[in-house]
Amino acid sequence: MQITPIKAGIATMLVIGLIWLVYVFISGTGKSETGTLDSYARGEMGGFVTLADAPAQPAMVYTDPDGGEHLLSDYRGKVILLNLWATWCGPCVEEMPALNRLQQRFGGDSFDVVTISFDRSFAPITEFFEREQIDALPALRDASFTSHNLVGALGLPMSILYDSHGREIGRMPAPADWDSEDAHRLIQAAINRG
């Protein structure tokens, strides 16, 4: 059987195409995504939005029930979902168990849910966490009541997703089911992106 120039050309193109596909597959694995995650704003995450000119991550001190001080920059190197809430906010307390389960599922070296309350004291926060068995989330409080202004939140709850460098990825300016498959896909994409 004689190989004609046309057959040789087709075989060469097939080999080059196969090599290119293998390269694309190998080079794509393990790399983080870039760009917005707007494509994940569907279903339960339909309200997830990306701001063209997102405010900087607040560089303020939050306190815990023992008087310890915490900064959001303490979480550098991790993707974080910042949730601004209060015990007097009905939609906030409704979504808190789902946020707790989200932390239980994804929390660790790459991701954390960080909850900041706007309650006047820790008593209602502690009581709520105990009653609802919220055991995976930090009980932090904004004693200055200014975080919501710094991030441009018009109300509570407000959840903001930050990348591992502290840059805003996007936000959910409404309550959400953070234990849904839609939320899991969004969080996993943010973790993959870094």
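From a predicted model like this one, the values you see are computed outputs, not experimental measurements.

Conventions adopted
Each chain carries its own residue numbering, running from 1 in the direction its sequence is written. Where totals are concerned, whole chains, interfaces and linings use all residues; where local detail is concerned, this predicted model gives features only for residues with pLDDT of at least 70, and gives and counts side-chain atom pairs only at 80 or more. With hydrogens and water stripped out, all remaining heavy atoms of the structure feed into the side-chain values. Among buried residues, the Ala, Val, Leu, Ile, Met, Phe, Trp, Tyr and Cys ones that are joined through side-chain atoms within 4.5 Å form a nonpolar core. Here's how the labels work: a residue is buried when its accessible area is under 20% of the maximum for its type, exposed when over 50%, partly exposed in between, all with a 1.4 Å probe on protein chains only. Secondary structure counts use DSSP, requiring at least four H or I residues in a row for a helix and at least two E residues in a row for a strand, with both numbered from the N terminus. The contact rule is simple, with two residues in contact once any of their heavy atoms fall within 4.5 Å. To estimate the expected span of a helix, count its residues, drop one, and scale the result by 1.5 Å. Two axes define the bend at a residue: one fitted to the seven residues ending there, one fitted to the seven starting there, and the bend is the angle between them. Assignment of crossover handedness uses the view with strands pointing away from the viewer, where a clockwise path from the first strand over the helix to the second indicates a right-handed crossover. Summary of the metric used: pLDDT quantifies the predictor's per-residue confidence within the range 0 to 100. Pairs were defined over the aromatic rings of Phe, Tyr and Trp, the Trp ring being its six-membered one, requiring ring centres within 6.5 Å. Orientation was assigned from the angle between planes: stacked under 30 degrees, edge-to-face over 60, tilted for the rest.

Time to look at the nonpolar core. Counting residues in hydrophobic clusters, the biggest one holds 51 residues, and the most contacted among them are Phe111, Leu161 and Trp178. Counting residues per element, the ones that place at least two in this core are β3 (79-85), α2 (90-106), β4 (111-117), α3 (123-131), β6 (158-162), β7 (168-172) and α5 (181-193). Once you skip the residues sitting within four places of it in the chain, Phe111 turns out to touch Lys78, Val79, Ile80, Leu81, Leu102, Gln103, Phe106, Leu161, Ile187 and Ile191.

Another point: the environment of Phe111. Following the sequence through the fold, Phe111 ends up in strand β4. Assessed through its relative accessible area of 0%, Phe111 is described here as buried.

What follows concerns α2. An ideal rise of 1.5 Å per residue puts 24 Å on 17 residues; α2 measures up with 25 Å between its terminal C-alpha atoms. Met96 marks where α2 bends most, by close to 35°; the proline Pro97 follows one to four residues later. Within α2, burial applies to Cys92, Glu95, Met96, Ala98, Leu99, Asn100, Leu102, Gln103 and Phe106. Where α2 ends, the next residue or the one after it, Gly108, has phi of about 160°, a positive value.

A separate point is the pairing of β4. In terms of residue burial, β4 counts as a mostly covered element, since seven of its seven residues are buried. Going residue by residue along β4, you find Phe111, Val113, Thr115 and Ser117 tucked away on one face and Asp112, Val114 and Ile116 tucked away on the opposite face as well. Handedness of the crossover joining β3 and β4 through α2 is recorded here as right-handed.

On to the confidence of the model for the chain, then. Interpretation of this model should avoid reading the predicted coordinates in detail wherever pLDDT is low. Here the chain averages 87 in pLDDT, and 82% of its residues register 70 or above. Low pLDDT, under 50, characterises residues 11-34; the stretch is placed with eight contacts to residues that sit more than four places away or in other chains.

Okay, the packing of aromatic side chains next. Within the structure shown, the criterion is met by four aromatic pairs. With a centroid separation of 5.6 Å and 45° between ring planes, the pair formed by Trp85 and Phe128 is classed as tilted. Placement of the pair is Trp85 in strand β3 and Phe128 in helix α3, with a sequence separation of 43 residues. Overall, Phe128 belongs to the buried group, its relative accessible area being 5%.

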